[in-house]
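One-letter residues, chain by chain:
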Amino acid sequence: RRRVAVLLSDTASLNKVTQTLLEMVRGGIEHVPLDVTVFYTAPEPLDPRLAARLPLDLHHLRDGEKAFTAAARDRGFDYVLLFESSGMYRGEETVPLLSQLATGRLDAVWGSRRLSVRDIEESYRFRYSASALAGTISYLGSYALSLACLMLYGRYITDTLSGVRAIRAVDVFDPRVDLGHKNANHVLLSRLLRRKAEILEIPVRFVPLAPDRVKRTSAVEGIRALATLVTHRFSARPVDAPALPYAAESATAERPLK
């Protein structure tokens, strides 16, 4: 069984953490053929009585999200699921995403809001009802980042800014990747796309939140994300592909008997 670390990011609210965990259980996380450990930040740990009833291993990050890499790097995880637990995404979305990781063949499973067409249209109407210009800039900017992936790396990624994505642990725990940085998504995508990694995009449902409840990507941050994609594409630094467990297993299985 593959081992997966789930980091609930973008929240320090124990209520939000509890909501996400209960949604994961409601979605059927116990039926996924993986060993899942959830890392979360909050002022205090989850009630032990509730934690004992959940079909998940829980790890409280007392020092915040910055402590995640140090806490998880040496625990033998195969994948890391980065999940934005602000309330915009539902915990149920982790189940179909994690199910794709059981074989170990994929390098990443990327959740895409743009594949949920109705949700994305409702989101734009809700967020930019007071400013059509801002909505147009956001709309075009998102597509610009997707087209940049296609033109620079030969692969179209519909939602580079997604808050739900599972990636091989060796990529996430690379010392050059700062998970707390706003451009972490594009650094990880650049690494994956540059070595032609196996990436599966699946639709994720989401609920648009008011700007005062969640921080949106600004135009300046969008330009920096584009610069990250360009810079990493032409960087002279090599990106080595990680060893794939299933490849070694396959080689062993095909070895002729003596």
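The coordinates are above.
Values in this document were obtained by computation on a predicted structure and should not be read as measured data.

### Some points on a nonpolar patch on the surface
Reasoning step 1: There is a patch of nonpolar side chains on the surface, built from Leu147, Leu150 and Met151 and spanning about 320 Å² of accessible area.
Reasoning step 2: For Leu150, the position within the fold is in helix H6 (residues 132-153).

### Considering the side chain of Glu201
Reasoning step 1: Along the chain, Glu201 turns up in strand S7 (residues 199-203).
Reasoning step 2: Buried within the structure, Glu201 lacks any salt-bridge partner; its nearest side chain of opposite charge belongs to Arg155, at an N-O separation of 4.8 Å.
Reasoning step 3: At a separation of 2.7 Å, a polar atom in the side chain of Glu201 contacts the side chain of Thr158.
Reasoning step 4: Once you skip the residues sitting within four places of it in the chain, Glu201 turns out to touch Trp110, Ser112, Leu115, Arg155, Tyr156, Ile157, Thr158 and Asp159.

### A look at the sheet that holds strand S6 (residues 164-168)
Strand pairing within a sheet occurs via backbone hydrogen bonds; the two strands may be parallel or antiparallel.
Reasoning step 1: Taken together, the 7 strands give an open sheet; going across it, the order is S3-S2-S1-S4-S6-S5-S7, and neighbouring strands pair in mixed fashion. Looking at which strands have only one partner, the edges of the open sheet turn out to be strand S3 (57-60) and S7. This sheet shows a mean twist of 20° between the axes of neighbouring strands, independent of strand direction.
Reasoning step 2: Two strands pair when backbone bridges link them, and strand S5 (residues 108-112) and S6 are joined in this way by 3 bridges, in the antiparallel orientation. The residue bridging Ala108 from the neighbouring strand is Ile167, located in S6.
Reasoning step 3: Running over the sheet, helix H1 (residues 14-26) touches strand S1 (2-9), strand S2 (34-40), S3 and strand S4 (79-84) and is turned about 165° from S2.

### What about unusual backbone geometry?
Reasoning step 1: Despite not being glycine, Asp10 shows a phi value in the positive range, around 60°.
Reasoning step 2: Mapped onto the elements, Asp10 comes out in the loop between S1 and H1.
Reasoning step 3: Asp10 gets classed as exposed once you look at its relative accessible area, which sits at 52%.

### Notes on the packing of helix H8 (residues 184-194) against helix H9 (residues 219-233)
Reasoning step 1: Relative to each other, H8 and H9 sit at 30°, their axes nearing to 9 Å. The angle between the axes of H8 and H9 places the two elements in the roughly parallel class. Crossing of H8 against H9: the hand is right-handed. From H8, His186, Val187, Ser190 and Arg194 reach across to H9, where they touch Ala225, Thr228, Leu229, His232 and Arg233.
Reasoning step 2: Grouping the constituent residues of the contact of H8 with H9 by class yields 3 nonpolar, 4 polar and 2 charged.

How each quantity is defined
Residues numbered from 1 in each chain as written. Predicted model: local features only at pLDDT ≥ 70, side-chain atom pairs only at ≥ 80, totals over all residues. Heavy atoms only, no water. Patch = residues over 30% accessible without salt bridge, like charges linked within 9 Å, V, L, I, M, F, W, Y side chains within 5 Å. Areas by Shrake-Rupley, 256 points an atom, 1.4 Å probe, with all protein chains shown as cover. Salt bridge = Lys/Arg side-chain N within 4 Å of Asp/Glu carboxyl O. Helix = DSSP H or I, 4+ residues; strand = E, 2+ residues; numbered from the N terminus. Buried < 20%, exposed > 50% of the residue type's maximum accessible area, 1.4 Å probe, protein only. Lys, Arg positive; Asp, Glu negative; His and termini not counted. Polar contact = N/O pair within 3.5 Å; in protein donor to acceptor, adjacent residues only side chain to side chain. Contact = heavy atoms within 4.5 Å. Pairing = 2+ DSSP bridges. Axes fitted to C-alpha atoms, helices over the stretch in contact; angles between N-to-C directions. Parallel < 35°, antiparallel > 145°, perpendicular 65-115°, else oblique. Left-handed = near helix turned anticlockwise from the far one by under 90°. Nonpolar A, V, L, I, M, F, W, Y, C, P; charged D, E, K, R; others polar.

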